[in-house]
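Secondary and tertiary structure notes
Residues per chain, in single letters:
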Amino acid sequence: MVRLLINGEERQLDVAPETPLLWVIRDELGLTGTKFGCGIAMCGACTVHMDGFPIRSCSTAVADAEGSEITTIEAVAGKAAQAVQAAWEKLDVVQCGYCQSGQVMSAIALLSENQKPTDEDIDAAMSGNVCRCATYVRIRAAIHEAAEMMEA
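What counts, and at which threshold
Residues numbered from 1 in each chain as written. Predicted model: local features only at pLDDT ≥ 70, side-chain atom pairs only at ≥ 80, totals over all residues. Heavy atoms only, no water. Patch = residues over 30% accessible without salt bridge, like charges linked within 9 Å, V, L, I, M, F, W, Y side chains within 5 Å. Areas by Shrake-Rupley, 256 points an atom, 1.4 Å probe, with all protein chains shown as cover. Salt bridge = Lys/Arg side-chain N within 4 Å of Asp/Glu carboxyl O. Helix = DSSP H or I, 4+ residues; strand = E, 2+ residues; numbered from the N terminus. Buried < 20%, exposed > 50% of the residue type's maximum accessible area, 1.4 Å probe, protein only. Polar contact = N/O pair within 3.5 Å; in protein donor to acceptor, adjacent residues only side chain to side chain. Contact = heavy atoms within 4.5 Å. Pairing = 2+ DSSP bridges. Axes fitted to C-alpha atoms, helices over the stretch in contact; angles between N-to-C directions. Core = buried A, V, L, I, M, F, W, Y, C linked by side-chain atoms within 4.5 Å.

With that out of the way, let us pick up a nonpolar patch on the surface. A surface patch of nonpolar side chains, amounting to about 280 Å² of accessible area, comprises Trp23, Phe36 and Tyr98. Position of Tyr98 relative to the elements: it lies in the loop between α3 (79-90) and α4 (100-113).

Here we take up the side chain of Thr72. Structurally, Thr72 can be placed in the loop between β5 (69-71) and α3. The buried category is assigned to Thr72, whose relative accessible area is 0%. Here the side chain of Thr72 touches Asn7 through a polar contact of 2.8 Å, side chain to side chain. Contact partners of Thr72, with chain neighbours within four places excluded, come to Ile6, Asn7, Ile25, Leu31, Thr34, Val48 and Met105.

Read across the sheet, five strands follow the order β2-β1-β5-β3-β4 without closing on themselves; strand pairing throughout is mixed. The open sheet terminates on both sides in strands that have one partner only, identified here as β2 (9-13) and β4 (53-56). Neighbouring strand axes in the sheet, compared pairwise and without regard to direction, differ in orientation by 40 degrees on average. In terms of strand pairing, strand β3 (residues 47-50) meets β4 through four bridges, oriented antiparallel. What sits directly across from Thr47, in β4, is Arg56. Of the strands in this sheet, β3, β4 and β5 touch α4, which is tilted by about 35 degrees from β3.

Take unusual backbone geometry next. With phi around 55 degrees, Asp51 is a residue other than glycine that occupies positive phi space. Checked against the element boundaries, Asp51 lands in the loop between β3 and β4.

This part takes up the nonpolar core. In terms of nonpolar packing, the biggest core is built from 23 residues, with Val84, Trp88, Ile108, Leu111 and Ile143 touching the most fellow members. Looking at this core, the elements that each hand over two or more residues are α3, α4, α5 (119-126) and α6 (136-151). Non-local contacts of Ile108, meaning those with residues more than four positions away in its chain, are made with His49, Val76, Ala80, Ala81 and Val84. Ile6, Leu21, Ile55 and Val62 belong to the second largest nonpolar core, which has 16 residues in total.

By secondary structure assignment, the location of Val48 is in strand β3. Setting aside anything within four residues of it in sequence, one finds Val48 in contact with Leu21, Ile25, Thr34, Phe53, Pro54, Ile55, Ser57, Ile70, Thr71, Thr72 and Met105.

In structure tokens, the structure reads:
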């Protein structure tokens, strides 16, 4: 048995400790906002927050997540989350949308730590997230927009 705190709710799950967190989130808990992309932590589609920091859930074993607070796209909240979501919508960032939950999770983590990121800060924070539709310019613009919204 593995005990996880996901989206503020403690869950006890009968899964092998080496099971990737992604499969527990999607298959065991039915939270499908977190996506499977590559399975080797290179694309960022599976990004969730563990204790507030973005991690790749496809390569994180559930045993490594025990004792931590896991937040998925379904439960993001707070000033940074609201600003990022509003900016994404305002600037119509999404094209196909597949990578966007991971992009949003990484952007929220960035703005939670750095409320005035430069282009270089954004590029560094978002470098682990791949967008096959190449919406990188809109993503960067939305992060700057979200930062401005947080100031207001």
